[in-house]
Amino acid sequence: LLHVRGLFLAISESTGRLLIKTMPAAPAVSSNGKPTEPHKSWKKVNEERKALKRQRKQEKLLKELQQAEEAETRAELAATEAQKKDRPNPSTLSIAVPGSILENAQSAELRAYVAGQIARAACIFRVNEVIVFDDVGIATARETKRSYEEDAEGSGTGTVRSSSLQLARILQYLECPQYLRKYFFPLHKDLKYSGLLNPLDTPHHLRQQSMFRYREGVICDKKAKEGHSYANVGLLNDVLVDKAIEPGVRVTVKMEPQSETSRKQKGTLVSPDEPRRETGVYWGYQVRIAHSLSEIFTKSPYDSGYDVTLGTSDRGTNVHEVPNRSYSFKHMLIVFGGLQGLESALSNDEKLTVDDPELLFDHYVNVLPRQGSRTIRTEEALLIALAALQEKLQPDVEDVETDLSDLLPQSEDTGISVRRDVLVSKKQKKRKLVEDTVESPVVYEPSPPKALPKVVRQTANPFADPSESFEKTAPADDDFEVVSSTTISATRQSSTNNDLSRFD
Ligand SMILES: C[S@@+](CC[C@H](N)C(=O)[O-])C[C@H]1O[C@@H](n2cnc3c(N)ncnc32)[C@H](O)[C@@H]1O
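Keep in mind that this is a model prediction, so the values were computed, not measured.

Engineer: What am I meant to see in a positive patch on the surface here?
Structural biologist: Where like charges cluster on the molecular surface, the positive patch consists of K50, K53, R54, K57 and K60. Note on placement: K53 falls in helix α1 (residues 42-86). Residue classification places K53 among the exposed residues on the basis of a relative accessible area of 65%.

Take a look at the structure:
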């Protein structure tokens, strides 16, 4: 048995081989006299080995657990994505209003105001489609019908009552986000007073600083890489989108989270239904013109048409007798009459043979049984009816509920800036200007969509009169201009008399 530097060297009795063992714990001293690591006992060594093994086993288990969790999250994400793709569009609400109600207004300003009231009511009650219909039929020379649809050669194929066209045009103008209006609405006399109208303040009218994952935009005439195009979505810089689309088309863009490596903002084109379907946000209404009462029903944009139709009249059933949530629907249609009511609209329709309007609808309702005025005007009836019917409606597919309060401007943030600016100091104004010009990052969306766009909503203003096509920059008519709320006082001051008919 030899003791060499802390090791026992021994010859095995049985095998004759040299055995080396560490010396049992004994303080070791180095050659320079300083103490070195103490020698460990076998027990300690084994304990340490076991601890190390345990630690490795734990680490392995942790890793496996982590991998399992990651796989589970991936599967969950895939499942929600698949679910999203299958998610049906929520039920829709359509209203039909006769264009002739504008003819009853006393001045051009009042005509525009009535149109604004229809637009406001539609948005307040989250209406998805507004149908402007002709309840008169044959037009006199004064209410000359104008052509509005284009055929392949670009010439007009149809005619429409002037008042219907104006109502449809103002409804579309107000629904369009402000930053896009100049692209879709060349100056036109129908829109002369639209600048005075109350704004709709809908969630899709986003400010530059608003952060929301969807934005309405227009394809720009700007070169982009293969298979892509640029869209103006109301931000400081145009957004690169994932499809090559011709300039001037209105699109709905899903914004990608801002990349840390690139300053370029990117987005995906999606169907205009997607913002509402995925987030529950109200995303404005579509406008359609119907040439008669019957066309309201026959030209529905929904494949299955309207499954529940409701006519409104003071001769209808008392709304208070209708049980709550009893009108269950996928695509609901509510029709309003004009000055002479729906009876007159029916008698002016050449295609419909029934003589009682009640027979045209699933329900025929009086929305204010104890009215205090002999007659309720259509624009008033709209608000009353939509409010009274709220509790009676039961959409088959309800909107998803998401808390959007942090992402969308709230009521205190919706005023017209001109007025509010008057109240702030020059210094505040300057600061606001700097803030407003800083492009905001887009809210991070963990699961980028794969959904392809159902393509575009419209190529241009479908109600544009081909005979009145103008250069983008040139006014429609030298005599007319869009009067904005900031210029009206000047307009008024410059007028020498109060004769409003000069605007006609
Ligand atoms: C000037 S009113 C027409 C008056 C007509 N007596 C009637 O109600 O049929 C214009 C439209 O407002 C709506 N309206 C007016 N009063 C209503 C009421 N009490 N209930 C439901 N709708 C009403 C109807 O759509 C009507 O066609």
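Engineer: Honestly, the pattern of salt bridges in this entry has me stumped. Any pointers?
Structural biologist: As a working rule, side chains carrying opposite charge can pair if their charged atoms are close by. What the rule picks out here adds up to 15 salt bridges. Among the salt bridges present, the one from E278 reaches R87, with a minimum N-O distance of 3.0 Å. Of the two residues, E278 is situated in helix α5 (residues 274-279) and R87 in the loop between α1 and β4 (92-98); the sequence distance between them amounts to 191 residues. For the salt bridge of E129 with R288, the shortest nitrogen-to-oxygen distance reads 2.8 Å. Here the residue E129 occupies a position in strand β5 (residues 129-133), and R288 occupies one in strand β13 (residues 286-290), the gap between them amounting to 159 residues. Here E129 matches R288 in class, with each residue buried.

Engineer: I keep staring at helix α2 (residues 108-124) and nothing clicks. Help me out?
Structural biologist: Think of an α-helix as 3.6 residues a turn; residues three or four steps apart then line up on the same face. Over its 17 residues, α2 extends 24 Å from the first C-alpha to the last, a length consistent with the 24 Å expected when each residue adds 1.5 Å. Among the residues of α2, A108, E109, A112, V114, A115, G116, I118, A119, A121, A122 and C123 are the ones counted as buried.

Engineer: What's the story with helix α3 (residues 162-175) in this structure? I'm lost.
Structural biologist: Here α3 contains 14 residues, and its C-alpha end-to-end distance of 20 Å stays within 8% of the 20 Å for a straight helix at 1.5 Å per residue. Extensive coverage of α3 is indicated by the burial of 14 of its 14 residues.

Engineer: Please explain the nonpolar core as it appears in this structure.
Structural biologist: Here is a general trend for soluble globular proteins: nonpolar side chains tend to be buried in one another's company. Judged by nonpolar contacts, the single largest core of 58 residues is most densely connected at I95, L171, L174, Y285, Y327, M332 and I334. Here the element with the most residues in this core is α2; it accounts for nine residues. Contact partners of I95, with chain neighbours within four places excluded, come to A122, V127, E129, V130, I131, I334, F336, L382 and L386. Listed in part, the 16 residues of the second largest apolar core include I131, F133, A290 and L342.

Quick notes on the rules
Residues numbered from 1 in each chain as written. Predicted model: local features only at pLDDT ≥ 70, side-chain atom pairs only at ≥ 80, totals over all residues. Heavy atoms only, no water. Patch = residues over 30% accessible without salt bridge, like charges linked within 9 Å, V, L, I, M, F, W, Y side chains within 5 Å. Areas by Shrake-Rupley, 256 points an atom, 1.4 Å probe, with all protein chains shown as cover. Salt bridge = Lys/Arg side-chain N within 4 Å of Asp/Glu carboxyl O. Lys, Arg positive; Asp, Glu negative; His and termini not counted. Charge placed at Lys NZ, Arg CZ, Asp CG, Glu CD. Helix = DSSP H or I, 4+ residues; strand = E, 2+ residues; numbered from the N terminus. Buried < 20%, exposed > 50% of the residue type's maximum accessible area, 1.4 Å probe, protein only. Expected span 1.5 Å × (residues − 1). Core = buried A, V, L, I, M, F, W, Y, C linked by side-chain atoms within 4.5 Å. Contact = heavy atoms within 4.5 Å.

Everything listed here is a matter of coordinates, which is why it stays silent on function.
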